Amino acid sequence: LNKYKGVIPAFYACYDENDGVSEERTKNLAVYLYEKGVKGLYVGGSSGECIYQSIEERKRTLKYVAEKMKGKLTLIAHVGAPSTKDSVALAKYASELGYDALSAIPPIYYKLPESSIYTYWTKIIDSTELPFIIYNIPQTTGYNLSINLFERLLENKKVIGVKNSSMPALDIERFKTIGGNNVIVFNGPDEQYVSGRLIGADAGIGGTYAVMPELFLIAEEYVSTGRFADSRAVQREINNIIIALNSLNGSMYAVIKQILKIQGVNVGSVREPMSPVIEDDLAKIEEIRDNINQ
Ligand code: HMN
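Residues numbered from 1 in each chain as written. Predicted model: local features only at pLDDT ≥ 70, side-chain atom pairs only at ≥ 80, totals over all residues. Heavy atoms only, no water.

Focus: the overall build of the protein chain
In step 1: In terms of regular secondary structure, the protein chain is built from 12 helices and eight strands.
In step 2: Its C-alpha atoms give the protein chain a radius of gyration of 18 Å, within 12% of the compact-globule value 19 Å for 294 residues.
In step 3: Taken along its principal axes, the extent of the C-alpha atoms in the protein chain is 50 × 45 × 35 Å.
In step 4: Relative to its full complement of 294 residues, the protein chain shows a buried share of 56%.
In step 5: Looking at the protein chain alone, contacts between residues at least 24 apart form 71% of all its contacts between residues at least 6 apart.
In step 6: On the protein chain, roughly 12,600 Å² of surface is accessible, and the fraction owed to carbon and sulfur atoms is 48%.
In step 7: Seen as two clouds, the 32 positive and the 35 negative side-chain charges of the protein chain have centres 6 Å apart. (Helix = DSSP H or I, 4+ residues; strand = E, 2+ residues; numbered from the N terminus. Rg over C-alpha atoms; globule rule 2.2 N^0.38 Å. Buried < 20%, exposed > 50% of the residue type's maximum accessible area, 1.4 Å probe, protein only. Contact = heavy atoms within 4.5 Å. Areas by Shrake-Rupley, 256 points an atom, 1.4 Å probe, with all protein chains shown as cover. Lys, Arg positive; Asp, Glu negative; His and termini not counted. Charge placed at Lys NZ, Arg CZ, Asp CG, Glu CD.)

Laid out in structure tokens, this is it:
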């Protein structure tokens, strides 16, 4: 499981000027992150605006990233979609492309019983030979992975981990304690990277890593070498930046993309109903960018 241990940015949706998925920009972002020294990429998740994209667009993003990074980075494909049918189609496609692992949120919108959630995840898992990482993100899906369902899913040897984005660090501790060494637990909340790692997460996947990979890589180095006071100081810096990213008019991802653009990696803006950045905020965005790089 070592290939999953490290800093894994959640990959962004990369659009052209007409809001279409851009091959060139997708590949550029992948190369940019590779050169920063990250361990892998989590493609097509929340940060990938998966819920706003057609299955065709999601397939194209999966393809472009694989074409550039297969064999170089650990590639995790997020394949969760509203219907089981679409999720399975994405899973099969990611498997053909040579992804290392699959991941999926639980079913969204309708409140389904745990038996349906179990069947949903299991059908995705059964559709390919790839390992599977459960994605728990109750604040957006409305479902919080129960210990009972977690244990049931772990009976399937293809389930190798959980990406936990709920805020209680306790959840990470529980999943790690129950999963043990055969299961990899990913920290989800970037604001708690250091605490997540200390309480049991083996690695991290996050939506703000790509705009400040150096900071997460340093935090990881400090945690793994026992320099806890230093790791806390880096976490404070990270949190100041995340709070600033969320203090403007555009959605956090729009602000992040504007910063990437200033740095020479243009991945377009966000898809509506997420809001783009506004002219009045551009100077403040420059300031955030300077804080990241100081
Ligand atoms: C993904 O699936 O693309 C992200 O990794 C999801 C991730 O856990 C993010 N959580 C949410 O979006 C709710 C965090 O990385 C989040 O972006 C970060 O903690 C800033 O709040």
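Considerations on the environment of Glu67
In step 1: By the secondary structure assignment, Glu67 is in helix H2 (residues 55-69).
In step 2: Note on Glu67: relative accessible area 46%, which makes it partly exposed.
In step 3: Each C-alpha atom of the pair Glu67 and Gly98 lies 9.5 Å from the other, and the pair is 31 residues apart in sequence.
In step 4: Glu67 has contacts with Glu23 and Lys27, leaving out every residue within four places of it along the chain.

Here's the deal with unusual backbone geometry
In step 1: The linkage connecting Glu272 with the following residue, Pro273, adopts the cis geometry, with an omega of 15°.
In step 2: Position of Pro273 among the secondary structure elements: in the loop between helix H11 (252-262) and helix H12 (282-293).
In step 3: The phi angle at Glu49 is positive, at roughly 55°, despite the residue not being glycine.
In step 4: Its place among the elements puts Glu49 in the loop between strand E2 (40-43) and H2.
In step 5: The backbone phi angle of Tyr109 is positive, close to 70°, even though this residue is not glycine.
In step 6: Residue position: Tyr109 is located in the loop between strand E4 (101-104) and helix H4 (114-126).

Some remarks on the sheet that holds strand E3 (residues 74-78)
In step 1: Taking strand neighbours across the sheet as the criterion, the eight strands line up as E1-E8-E7-E6-E5-E4-E3-E2 in an open arrangement whose pairing is parallel. Of all the strands in the sheet, the pair left with one neighbour each is strand E1 (7-9) and E2. Looking at each pair of strands side by side, their axes are set apart by 25° on average, direction ignored.
In step 2: Direction of pairing for E1 relative to strand E8 (residues 203-206): parallel, over a ladder of three bridges. (Pairing = 2+ DSSP bridges. Axes fitted to C-alpha atoms, helices over the stretch in contact; angles between N-to-C directions.)

Topic: H12
In step 1: Taking 1.5 Å of rise per residue, the 12 residues of H12 would be expected to cover 16 Å, and the 17 Å separating its terminal C-alpha atoms lies within 8% of that figure.
In step 2: Inspection of H12 places Ile285, Ile288 and Ile292 among the buried residues, and these make up the whole buried set. Along the long axis of H12, the arc covered by the buried residues comes to 55°, so they all point the same way. In H12, the exposed residues that point more than 90 degrees away from the buried face are Ala283 and Glu287.
In step 3: On its buried face, H12 sits against helix H10 (228-245) and H11. (Expected span 1.5 Å × (residues − 1). Arc of directions from axis to C-beta.)

A closer look at the nonpolar core
In step 1: Membership of the largest hydrophobic core comes to 81 residues, with the highest contact counts inside it found for Leu29, Leu41, Tyr99, Trp121 and Leu145.
In step 2: Among the elements that line this core, the one with the most residues is H11, at seven residues.
In step 3: The next biggest cluster of nonpolar side chains, apart from the first, holds 15 residues, and it includes Ile76, Ile133, Ile160 and Ile205. (Core = buried A, V, L, I, M, F, W, Y, C linked by side-chain atoms within 4.5 Å.)

Looking at the pattern of salt bridges
In step 1: Evaluation of the coordinates by the stated rule reveals 15 salt bridges.
In step 2: Residue Arg271 is joined to Asp19 by a salt bridge in which the shortest nitrogen-to-oxygen separation is 3.3 Å. In this pair, Arg271 sits in the loop between H11 and H12 while Asp19 sits in the loop between E1 and helix H1 (23-36), placing the two residues 252 residues apart along the sequence.
In step 3: Glu67 is the partner of Lys27 in a salt bridge, and the nearest nitrogen-oxygen pair spans 2.8 Å. Pair noted here: Lys27 is in helix H1 and Glu67 is in helix H2, with a separation of 40 residues, a long-range link.
In step 4: Several salt bridges share partner residues, and in doing so they unite Glu23, Lys27, Lys63 and Glu67 into one network. (Salt bridge = Lys/Arg side-chain N within 4 Å of Asp/Glu carboxyl O.)

Observations concerning the packing of H4 against helix H6 (residues 147-154)
Two quantities define a packed helix pair, namely the angle between the axes and the distance from one axis to the other.
In step 1: Following both chains from N to C, one finds H4 and H6 inclined at 30°, their axes separated by 11 Å at the closest point. Taken together, the axes of H4 and H6 lie roughly parallel to each other. Seen along the crossing, H4 lies across H6 with a hand that is right-handed. Each of Glu114, Ile117, Tyr118, Trp121 and Thr122 in H4 lies in contact with H6, whose residues at this interface are Asn148, Leu149, Arg152 and Leu153.
In step 2: Partitioned by chemical class, the residues of the contact of H4 with H6 number five nonpolar, two polar and two charged. (Parallel < 35°, antiparallel > 145°, perpendicular 65-115°, else oblique. Left-handed = near helix turned anticlockwise from the far one by under 90°. Nonpolar A, V, L, I, M, F, W, Y, C, P; charged D, E, K, R; others polar.)

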